[in-house]
Amino acid sequence: MSLFDRIPGEFYKLFTSKYTEYYMTFLVAIYNAMEQSYSVLGLTEKECHAVMNERIASAAILWDGENYDEDGVFLTRSNMASVCLKHFEDWGWLRRDYDETLNSYVVTFPEYSQMFVELFARLMDESDSQERESVLAIYSHLYTYSVDNEKNNAILKSALNASKRLVRMLVNMQDGMRGYFDELSRQKKFKGIQDVLVKEINNSDSRKYAILTTTDSFYRYKEAVRELIVKNLDENEARRRKKERELATLEPGTPAFVRCSRAIELCAEAADIMFRIGRQSDVIERRYNKLIEQKTIFARRAAARIRYIMLEGADGDDRTAAFVSLLNRSSRKEEIIMSLSERIRLSRPYQLMSPDSLYQRKTKEKDVFEPQAVEQEEQVSEQMDSFVLKPLYTRKEIERFRRKNEKDGVFRVTEDTVQSMEDLEKLFFVWQEATETAGGNGEIILGEDRENSAGFRYSRLEIRNGRRGTKE
């Protein structure tokens, strides 16, 4: 018996009820709880009541005198879970069995009911993964087939199904855009246009579109898909010719002959599937380009509709737009605006449009560019105590510089000590380390300033004893 024949006649009562939305929510919640349950038999009726009561607590149900179900039972917060569970069992959405181990009734989902509930879950979950509907999924299947040693055609069939789903998704997105075109053309107020734009930006199709243009990298993987199709076709043709040559050497009727014949048939099937994937890729590209065009046209029409309402008014429906239109035609416009600004205390210039101001077309010419002198900031002289030199050299280099200018345990600066800026900086590090680590047994002599033949100025410096070994 097929699954369709197993569906009870009262199964479809759920779709004719005024509580269909709540029934679907309860079924999805029970299904998710059953997946997370450790029980292999299902959920008890008590557990189902608890799951549904959680949803009832968060649902915005108007509890008035009209809350009667299909059988005339008055629904309240306390009995809605038990009444709904009884409907699910009577209509065939849930199967009820008695478990002697638990000493209670347990409920499970029949196979046909499970299919519907999974569909309900997808319809309610807008954040459902788009991996099944992306160019990246097609690329992944084709790449897996190219590296598969068995060359399983089921992988190619998955790629073909993914391409068909992507085409259907693009078709649905185009139909949705056409719906927004119609809805936009019916709007006669600014608020209505704003609502349409916000709905178009935040809907699930726009999120899918963002995935195609960013994460999925449509054009990048589109070329990669074509390259993989060509590569797989060439390898498949070479494999088919090899099998045909091998078949000619085998005796008909033998197992090897049958296996070789089957391999040739699989190669032909794989070539046909890949050609169909290629045609689907062309359709995907055309649909995608058309969708981009629709997005651009939609933005232009929205801007044109706003300009029309601003300039011509909204047939008297929008009083603000009508007032602006009349104001633009009046010869006493400036006088009216000044009087209005005194009464309502405008805080912004009325020449500019903002959410808190009136609109007026700009007539004022752009301000003439007048260059101004740049004010120089006073430079604050830095004190020597606050100057910290960046550690450009390792301790090993500084130690090597010190030993080079040290004789009989005394570091002494001579005319040959400083021959470059690097030597001058190393000298500073030596002096800094000596002053920081000097103890009672050390002596540092700092004398007059000198200038060598290379043009570098430095102070006469001698460091006696007190020298501490350094580590790199």
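The rules behind these values
Going along each chain's sequence as written, the residues are numbered from 1 onward. Only residues with pLDDT of at least 70 are given local features in this predicted model, and only at 80 or more are side-chain atom pairs given and counted; all residues enter the totals for whole chains, interfaces and linings. With hydrogens and water set aside, each side-chain value is computed from the structure's full complement of heavy atoms. The helix and strand labels rest on DSSP assignments: H or I over at least four residues marks a helix, E over at least two residues marks a strand, and numbering proceeds from the N terminus. Only protein chains enter the area calculation, which uses a 1.4 Å probe; residues under 20% of their type maximum are buried, those over 50% are exposed, and those in between are partly exposed. Residues are treated as being in contact if the distance between any of their heavy atoms lies within 4.5 Å. Note that accessible areas follow from Shrake-Rupley with a 1.4 Å probe, and for residues the cover is restricted to the protein chains shown. Two strands make a pair as long as DSSP finds a minimum of two bridges between them. By this rule the span expected of a helix is its residue count minus one, scaled by 1.5 Å. Under this scheme, a helix contributes an axis fitted over its contacting stretch, all axes are lines through C-alpha atoms, and angles between N-to-C directions fall in the 0 to 180 degree range. Orientation categories follow fixed angle ranges, with anything under 35 degrees roughly parallel, anything over 145 roughly antiparallel, 65 to 115 roughly perpendicular, and all other angles oblique. Under this grouping Gly is polar, as are all residues other than the nonpolar Ala, Val, Leu, Ile, Met, Phe, Trp, Tyr, Cys and Pro and the charged Asp, Glu, Lys and Arg. Note that the arc is defined by the directions from the helix axis to the C-beta atoms. Ring pairs shown here join Phe, Tyr and Trp side chains whose ring centres sit within 6.5 Å, with only the six-membered ring taken for Trp; geometry is labelled stacked below 30 degrees between planes, edge-to-face above 60, and tilted in between. Distance and angle both matter: a charge sits over a ring if NZ of Lys or CZ of Arg is within 6 Å of the ring centre and within 35 degrees of the ring normal.

Student: When you look at the overall build of the protein chain in this model, what are you seeing that I'm missing?
Tutor: Along its length, the protein chain carries 16 helices and seven strands. For the protein chain, the residues scored as buried account for 35% of the 472 residues in total. Of all intrachain contacts in the protein chain linking residues separated by at least 6 positions in sequence, the fraction that spans at least 24 positions is 65%. Just so you have it, the protein chain exposes about 31,100 Å², and 50% of that area is on carbon and sulfur atoms.

Student: Is there a simple way to explain the pairing of strand β3 (residues 104-108) in this structure?
Tutor: Each regular strand displays side chains that alternate between the two surfaces of the sheet. Strand direction decides the pairing type here: strand β1 (residues 43-44) and β3, joined by two bridges, are antiparallel. Among the inter-strand pairings, Leu43 is bridged to a residue of β3, identified as Val107. Bridge count between strand β2 (residues 95-99) and β3: five bridges; the pairing is antiparallel. Looking across to β3, one finds that Asp97 is bridged to Val106. The antiparallel pairing of β2 with β3 creates a hairpin that spans four residues between the two strands, and Asn103 there sits at a positive phi of about 55°.

Student: How do you make sense of the environment of Phe109 when you look at a structure like this?
Tutor: Mapped onto the elements of the fold, Phe109 is located in the loop between β3 and α6 (111-124). For Phe109, a relative accessible area of 12% puts it in the buried group. A sequence separation of 17 residues divides Phe109 from Gly92, and the C-alpha atoms of the two residues are 8.9 Å apart.

Student: Before we go on, may I ask you to explain helix α11 (residues 218-248) in this structure?
Tutor: Each α-helix winds once per 3.6 residues, and so residues spaced three or four apart point in a common direction. With 31 residues, α11 extends 45 Å from end C-alpha to end C-alpha; this agrees with the ideal 45 Å at 1.5 Å per step. Turning to α11, its buried residues are Phe218, Tyr221, Lys222, Ala224, Val225, Leu228, Ile229, Asn232, Leu233, Asn236 and Leu247.

Student: Please clarify how the packing of helix α3 (residues 20-36) against α6 should be interpreted in this entry.
Tutor: At their nearest, the axes of α3 and α6 sit 9 Å apart, and the two run at 105° to each other. The orientation of α3 relative to α6 falls into the category roughly perpendicular. Facing α3, whose interface residues are Glu21, Met24, Thr25, Leu27, Val28 and Tyr31, α6 presents Gln114, Val117, Glu118, Phe120, Ala121 and Met124. Of the residues contributing to the contact of α3 with α6, the split by class is eight nonpolar, two polar and two charged.

Student: Would you mind showing me how to read the sheet that holds β3 here?
Tutor: In a beta sheet, neighbouring strands pair by backbone hydrogen bonds and run either parallel or antiparallel. What the three strands build is an open sheet, ordered β1-β3-β2; its pairing is antiparallel. Two strands in the sheet have a free side with no partner beyond their single neighbour: β1 and β2.

Student: Is there a simple way to think about helix α4 (residues 45-58) in this case?
Tutor: Taking 1.5 Å per residue, 14 residues should reach 20 Å; α4 reaches 21 Å between its end C-alpha atoms and fits that length. Buried within α4 are the following residues: Glu45, Cys48, Val51, Met52 and Ile56. Mapping the buried residues of α4 onto a view down its axis gives an arc of 140°, with all of them on the same face. Counted as exposed and oriented over 90 degrees from the buried face of α4: Lys46, Glu54, Ala57 and Ser58. Against the buried residues of α4 lie α3, β1, α5 (80-91), β2 and β3.

Student: Explain the packing of aromatic side chains to me, please; I cannot follow it from the model alone.
Tutor: Here a ring pair, both rings aromatic, is described through the centre-centre distance and the interplanar angle of the planes. Summed over the entire model, instances satisfying the criterion amount to 16 aromatic pairs. Here Trp93 and Phe116 contribute two aromatic rings whose centre-to-centre distance is 5.7 Å and whose plane-to-plane angle is 75°, an arrangement assigned as edge-to-face. Here Trp93 is found in the loop between α5 and β2, whereas its partner Phe116 is found in helix α6, with 23 residues between them in sequence. A centroid spacing of 5.2 Å and a plane angle of 70° characterise the contact between Tyr98 and Tyr105, whose relative ring orientation is edge-to-face. By the ring-pair criterion, three or more aromatic residues cluster together here, those being Phe11, Tyr12, Phe15, Trp93, Tyr112, Phe116 and Phe120. The ring of Tyr145 carries the charged tip of Lys151 above its face, separated from the ring centre by 5.2 Å.

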